[in-house]
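# Structural overview for review
In case you want the letters, here they are:
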Amino acid sequence: MRIFSLFFEIIGFGIGIPIGLLLGFFIFIYSEPDDVKDPIIKPLNEIDTGSLIDLLHEIPPWVKHPDYERIDWFNKALYDMWPYLDKAICGIIRSTAKPIFAEYIGQYQIKSIEFETLTLGSLPPTVYGMRVHESNENELVFEPAIRWAGNPHITVVLKLLSFRISAQLVDVQIFAAPRIILRPLVSSFPCFANITATLIDKPHVDFGLKIQGGDVMAIPGLYQFVPEFIRRQVASLYLWPQTLEIPILDGSLSGAIKKPVGILHVKVVRALKLLKMDIIGTSDPYVKIKLSGERLPSKKTTIKMRNLNPEWNENFKLTVKDPQSQVLQFHLYDWEQIGTHDFLGMQIVPLKVLAPLEKKELTLDLVKNTNPYDPQNKKWRGQLVVELTYNPFIDDNAKYSGPLDANVAGENIGRSRKASIDFSFLSSLEAAGLLSVTVQGAEGVGGKNHTNPNPYCLVSFGSETKITKMLRKTQRPSWNEEFQFVLEEASLKDKIHIEVKSKRRFGFRRYESLGYIEISFSDVVHNGRIRGKYNLINSKNGVLHIEIRWNST
């Protein structure tokens, strides 16, 4: 009997603990505190000095800084326009989120994800001040101080198996000071071609999140963790020198859409006297390299284990679009097998300090951040030795007669070449170059097993393969994705292989080829550009729309 009693005690303990924790969780998130008191309101002259200092960040910037302008008229206009802006912005959010939600439907037993309610509320953002910078460049630079204490009502419903899970976002507060650049200024309306936005400081983000009606932000520790995590993620994407580029005018109208103009060769040579981050008094350093204004993943060196003076001598190639404004970023980390990697230091190099075709060796003092007034930047963090060479592309107009516009779907092919140019010496390309392949879309794609396909494209050249996003249930996909192949040496005998495929989530024959094309690399090199429609091989009616460009250094 003692054995049975012990057995039932263990079972009761194992069942009681989870049930008790679950009940405690729901009681915690649904219970309301009864000791909340109304705030004490005092006149400004009765507030002590310490409280006044705490309120300084609430004072509008135009009071503290003479270079900020009051724009109450703008806030009045924004208030009147807000009901219409609310509907327009919510429409953009719905259209943007729809394909993102579609990617998860069918995975993890998810049946649907949709917005049940979506409105930004009745309270518009407020611009507390505007600072305009004078610039000698063909651009307009201004910094608004934006605060939004909104009352949005955003509810997302997730149907998982037979369960219906709702998540509601409420009481959003966002304080940010972005720098917005309109450039270049052009003669076509709206008189600027691009909008470039970046954050000068980390934004303040606060919000409430309810799941199944319960306020999960009331859970201890979660309220501090989630907003700080969002601030770090936003800062990693858009804090200066990172930028967000928004094209406004087509390149043919403005000539302003940034296209690759050259290749930057980066050699990470060595680091000197790095910080000791490990317990044993060493570090396991590696370097991340990235150009500002690019969403491509950072390049990484190898990891040098237990070394404060590592030598890499590793080479990297980066595509340059604007050598006058782009910045090369170096971030050093101490690799950790478990957890986040420790930050060792960073440094930036503006590309405008590099002369074309000239190799430059730099010894960079590592700092904590890019703020020159931060006292922590005076602390020694080590040095990084690098070699940089910027190779601009040769002007294609000097080499080629013009683009090759092709319509290979049964109409005509227009070619224009200079007969005086002899291409026989181009059996191989010794100089670096950039091959840009833009997959625009397709028509009439379908297979024997995938009659209503989920098409995507594979673009292969040499040993590299790039993949477009997958579009669901369409025979007329529109990708409009550009892929770049940075080449040190390539043979004119190589082929550019582009294949359209379809993928199903379940069942037999999940993958099926819907057709392919092959473009001779020599045709692209000789013409500079190929653009047109190509009939897909092994497809009944499939046609692929592409554009391919070649730029050499």
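- As recorded in an unreviewed UniProt entry, the protein chain goes by the name Synaptotagmin-3-like isoform X1, listed as coming from Prunus mume.
- According to UniProt, the comment filed for the protein chain under the heading Sequence similarities (unreviewed entry) is "Belongs to the synaptotagmin family."
- Per UniProt, the protein chain carries the Subcellular location (unreviewed entry) text "Membrane".

### Here we look at helix H4 (residues 72–104)
- Most pronounced at Trp82, the bend in H4 amounts to some 60 degrees, and the proline Pro83 follows within four residues.
- For H4, every residue scored as buried is listed here: Asn75, Leu78, Trp82, Asp86, Cys90, Ala97, Phe101 and Ala102.
- Looking at the buried side of H4, the elements it contacts are strand S1 (110–119), strand S2 (126–133) and strand S3 (140–150).
- With its phi angle positive at about 100 degrees, Gly106 sits one or two positions after the end of H4.

### Some details on the sheet that holds strand S14 (residues 311–320)
- Strand order across the open sheet formed by four strands is S14-S11-S18-S17, with antiparallel pairing between neighbours. Of all the strands in the sheet, the pair left with one neighbour each is S14 and strand S17 (360–365). Within this sheet the neighbouring strands show an average axis-to-axis angle of 25 degrees, counted without direction.
- Note that strand S11 (residues 262–272) and strand S18 (residues 383–392) share ten bridges and pair antiparallel. Looking at the pairing, Val268 lines up with Val386 of S18.

What counts and what doesn't
- Residues numbered from 1 in each chain as written.
- Predicted model: local features only at pLDDT ≥ 70, side-chain atom pairs only at ≥ 80, totals over all residues.
- Heavy atoms only, no water.
- UniProt positions renumbered as here; feature names shortened; annotations may be inferred.
- Bend = angle between axes of the 7 residues up to and from the residue.
- Helix = DSSP H or I, 4+ residues; strand = E, 2+ residues; numbered from the N terminus.
- Buried < 20%, exposed > 50% of the residue type's maximum accessible area, 1.4 Å probe, protein only.
- Contact = heavy atoms within 4.5 Å.
- Pairing = 2+ DSSP bridges.
- Axes fitted to C-alpha atoms, helices over the stretch in contact; angles between N-to-C directions.

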